[in-house]
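Residue-level listing of the chains:
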Amino acid sequence: MMANNFIQSGDVLPLTAPYDVVAGDGFQVGQIFAVAASAVLSGQPVQGQRVGVFSLKKADAQIWGEGALIYWDNSSKNCTTTAAGNLLIGAAAANVGSSALTGAVALHASVRANEAP
């Protein structure tokens, strides 16, 4: 039985792109992080995937251990293990070496404020 106020599961949300995005890019709208389903220009509607495991751009020279907390750096538009000033988006789904340009991130759909600077 479903509550009569249920709207949707929330795994995919219709959002407004805060900047130009390419399909597969991460983006942040307020305190929501998602992965774009298609390429759109800033201000256009985009379907944002909020859960799942995605290969996402990572900060240069970082080493990620499996299960490490991963944050979104909205200034650099990449994932990082640096908490300060960034939004917690999930955890590393696999070990990643320092030379890798991307890392596997298991996203969670919770909404959380950016970490304190």
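Residues numbered from 1 in each chain as written. Predicted model: local features only at pLDDT ≥ 70, side-chain atom pairs only at ≥ 80, totals over all residues. Heavy atoms only, no water.

1. Structural notes on the overall build of the protein chain
In terms of regular secondary structure, the protein chain is built from 0 helices and 9 strands. Here the protein chain has a C-alpha radius of gyration of 14 Å; the compact-globule value for 117 residues is 13 Å, and the two agree. On the principal axes, the C-alpha backbone points of the protein chain span a range of 45 × 35 × 25 Å. When burial is assessed residue by residue, the protein chain has 35% of its 117 residues classed as buried. For the protein chain, the share of sequence-separated contacts (at least 6 apart) that also reach a separation of at least 24 residues comes to 49%. Carbon and sulfur atoms provide 56% of the accessible area of the protein chain, an area that totals close to 6,300 Å². Looking at the protein chain, you have 5 positive and 7 negative side-chain charges, and the mean spots of the two groups are 2 Å apart. (Helix = DSSP H or I, 4+ residues; strand = E, 2+ residues; numbered from the N terminus. Rg over C-alpha atoms; globule rule 2.2 N^0.38 Å. Buried < 20%, exposed > 50% of the residue type's maximum accessible area, 1.4 Å probe, protein only. Contact = heavy atoms within 4.5 Å. Areas by Shrake-Rupley, 256 points an atom, 1.4 Å probe, with all protein chains shown as cover. Lys, Arg positive; Asp, Glu negative; His and termini not counted. Charge placed at Lys NZ, Arg CZ, Asp CG, Glu CD.)

2. Re the confidence of the model for the protein chain
A low pLDDT means the predicted coordinates there should not be read in detail. Of all residues in the protein chain, 92% attain a pLDDT of 70 or more, and the chain-wide mean is 92. Element-level mean pLDDT values for the protein chain span from 95 in strand β1 (residues 12-16) up to 98 in strand β7 (residues 78-80). (pLDDT = per-residue confidence, 0-100.)

3. Overview of the sheet that holds strand β3 (residues 32-36)
Taken together, the 4 strands give an open sheet; going across it, the order is β1-β4-β3-β2, and neighbouring strands pair in antiparallel fashion. Each of the sheet's edge strands pairs with one partner strand only, and the pair in question is β1 and β2 (26-29). Taken pair by pair, the neighbouring strands of this sheet meet at an average axis angle of 50 degrees, ignoring direction. (Pairing = 2+ DSSP bridges. Axes fitted to C-alpha atoms, helices over the stretch in contact; angles between N-to-C directions.)

4. As for the side chain of Arg50
Tracing the backbone through its elements, the reader meets Arg50 in the loop between β4 (45-49) and β5 (52-57). It is Asp11 that comes nearest to the buried, bridge-free Arg50 among opposite-charge side chains, at 6.8 Å. (Salt bridge = Lys/Arg side-chain N within 4 Å of Asp/Glu carboxyl O.)

5. Looking at the nonpolar core
Nonpolar side chains tend to gather and get buried jointly when the protein is soluble and globular. Judged by nonpolar contacts, the single largest core of 23 residues is most densely connected at Phe27, Phe33, Leu56, Cys79, Ile89 and Val105. Within the residue set of this core, elements represented by two or more residues are β1, β3, β6 (69-73), β8 (87-92) and β9 (102-107). Looking at this core element by element, the count peaks at 4 residues for β3. Setting aside residues no more than four positions away along its own chain, Val105 makes contact with Gly52, Val53, Phe54, Leu56, Trp64, Ile70, Cys79, Ile89, Ala91 and Ala93. (Core = buried A, V, L, I, M, F, W, Y, C linked by side-chain atoms within 4.5 Å.)

6. Thoughts on the pairing of β2
As paired elements, β2 and β3 share 4 bridges and run antiparallel to each other. Following the sheet pairing, Gly26 is matched in β3 by Val35. What sits between β2 and β3 in their antiparallel hairpin is a turn of 2 residues, with Gly30 showing a positive phi close to 60 degrees.

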